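Architecture at a glance
Chain residues, written in single-letter form:
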Amino acid sequence: MRSRFIFNFFFFSCCLPIMLVAASDRACAQSELSAYGNVGQAIERVLRTQQEAWNRQDLEGFMAGYWNSPELTFFSGGKEQDGWQATIDRYLATYASPGHQMGKLEFSGLRIEVLGQDAAFVRGSWKLTMSDGKTPHGLFTLVFRKVPEGWKIVHDHTSSAE
């Protein structure tokens, strides 16, 4: 009887609290993974929506994935564009002006790294298929932030494999 008392005392005073803390930590970790998984899915949706808009020749729809702010930054071709307006102006000049075409856009190899509840960065590849069969392509790194309007690109660094 005494040994049973010692066992119960030891179990309830030491082992049970440790098991409860371990279970709580595991539940929190699973909750974080689930929340971060949802963030990754939300960000991938933004990119797929952009891809679909581009392929419809809808540059405004494509730009909806970017933060509409003068603080947006876009690096490409050794140049920096500051702000949403400068970024869309660059896209218009490069892809929608006479003698240019948008082609069909495909994103691939997406690697989404969630940095917290309101920040993430994404690495991936892009490829355009043009009507003449050319396929310009390259890599990108994006920084996403969660703003009141949802997940938006706040920084884009895109390179081309020329």
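Our subject is the structure that appears above.
Below or above, wherever it landed, is the structure these notes cover.

About the cut-offs
Residues numbered from 1 in each chain as written. Predicted model: local features only at pLDDT ≥ 70, side-chain atom pairs only at ≥ 80, totals over all residues. Heavy atoms only, no water. Helix = DSSP H or I, 4+ residues; strand = E, 2+ residues; numbered from the N terminus. Contact = heavy atoms within 4.5 Å. Areas by Shrake-Rupley, 256 points an atom, 1.4 Å probe, with all protein chains shown as cover. Core = buried A, V, L, I, M, F, W, Y, C linked by side-chain atoms within 4.5 Å. Buried < 20%, exposed > 50% of the residue type's maximum accessible area, 1.4 Å probe, protein only. Phe/Tyr/Trp six-rings, centres within 6.5 Å; stacked < 30°, edge-to-face > 60°. Lys NZ or Arg CZ within 6 Å of the ring centre and 35° of its normal. Pairing = 2+ DSSP bridges. Axes fitted to C-alpha atoms, helices over the stretch in contact; angles between N-to-C directions. Lys, Arg positive; Asp, Glu negative; His and termini not counted. Salt bridge = Lys/Arg side-chain N within 4 Å of Asp/Glu carboxyl O. Polar contact = N/O pair within 3.5 Å; in protein donor to acceptor, adjacent residues only side chain to side chain.

**Description of the overall build of the protein chain**
Per the secondary structure count, the protein chain includes three helices and six strands. Its helices and strands in sequence order give the protein chain the pattern α-α-β-β-α-β-β-β-β, from N to C terminus. Counted over contacts in the protein chain with a minimum sequence separation of 6, partners at least 24 positions apart contribute 47%. Just so you have it, the protein chain exposes about 10300 Å², and 57% of that area is on carbon and sulfur atoms.

**Considering the nonpolar core**
Nonpolar side chains in soluble globular proteins tend to end up buried together. If you look at the biggest cluster of nonpolar residues, it comprises 31 residues, and the most contacted ones within it are I43, W54, F62, Y66, Y91 and F144. Of all the secondary-structure elements, those providing two or more residues to this core are α1 (2–55), α2 (59–63), α3 (84–96), β3 (104–116), β4 (119–129), β5 (137–147) and β6 (150–160). Here the element with the most residues in this core is α1; it accounts for seven residues. Discounting chain neighbours no more than four positions away, the residues touching F62 are Q50, A53, W54, Y91, L105 and F107.

**Details of the packing of aromatic side chains**
According to the stated counting rule, one finds nine aromatic pairs in the structure shown. Aromatic side chains W54 and Y95 sit 5.0 Å apart centroid to centroid with 80° between the ring planes, which places their arrangement in the edge-to-face category. Here W54, found in helix α1, pairs with Y95, found in helix α3; they are 41 residues apart in sequence, far enough to count as distant. Using a relative accessible area of 2% as the deciding quantity, one classes W54 as buried. In this arrangement the basic side chain of R90 is found over the ring face of Y91, its NZ or CZ atom lying 5.5 Å from the centre.

**Here's the deal with the sheet that holds β6**
Taken in spatial order, the six strands make up an open sheet running β2-β1-β6-β5-β4-β3, and their pairing is mixed. Each having just a single partner strand, β2 (79–82) and β3 make up the two edges of the open sheet. Averaged over all pairs of adjacent strands, the angle between their axes in this sheet comes to 20°, without regard to strand direction. Bridge analysis of strand β1 (residues 73–76) against β2 gives four bridges, and the strand direction is antiparallel. Within β2, the position partnered with T73 by the bridge is D82.

**Description of unusual backbone geometry**
Backbone geometry at Q57 places phi at a positive 65°, although glycine is not the residue there. Mapped onto the elements of the fold, Q57 is located in the loop between α1 and α2.

**So, the side chain of K152**
On the secondary structure map, K152 appears in strand β6. Nearest to the buried, unbridged K152 among oppositely charged side chains is E149, at 6.5 Å. Engagement of the side chain of K152 in a polar contact is seen with the backbone oxygen of A64, the distance being 2.6 Å. Residues contacting K152, with those up to four places away along its chain left out, are A64, G65, Y66, W67, V143, F144, R145 and V147.

**A word on the environment of P136**
Following the sequence through the fold, P136 ends up in the loop between β4 and β5. Considering only alpha carbons, one finds P136 and W126, 10 residues apart in sequence, at a separation of 8.5 Å. Those residues within four positions of P136 in sequence are excluded, and the remaining contacts are W126, K127, L128 and M130.

**Remarks on the pattern of salt bridges**
Considering all chains together, one arrives at three salt bridges under this definition. R56 is the salt-bridge partner of D58, the closest N and O atoms lying 3.2 Å from each other. Overall, D58 belongs to the partly exposed group, its relative accessible area being 25%. By relative accessible area, which is 53% here, R56 ends up exposed. Note that R145 and D118 form a salt bridge whose closest N and O atoms lie 3.1 Å from each other. Note that R145 is positioned in strand β5 and D118 in the loop between β3 and β4, a separation of 27 residues in sequence.

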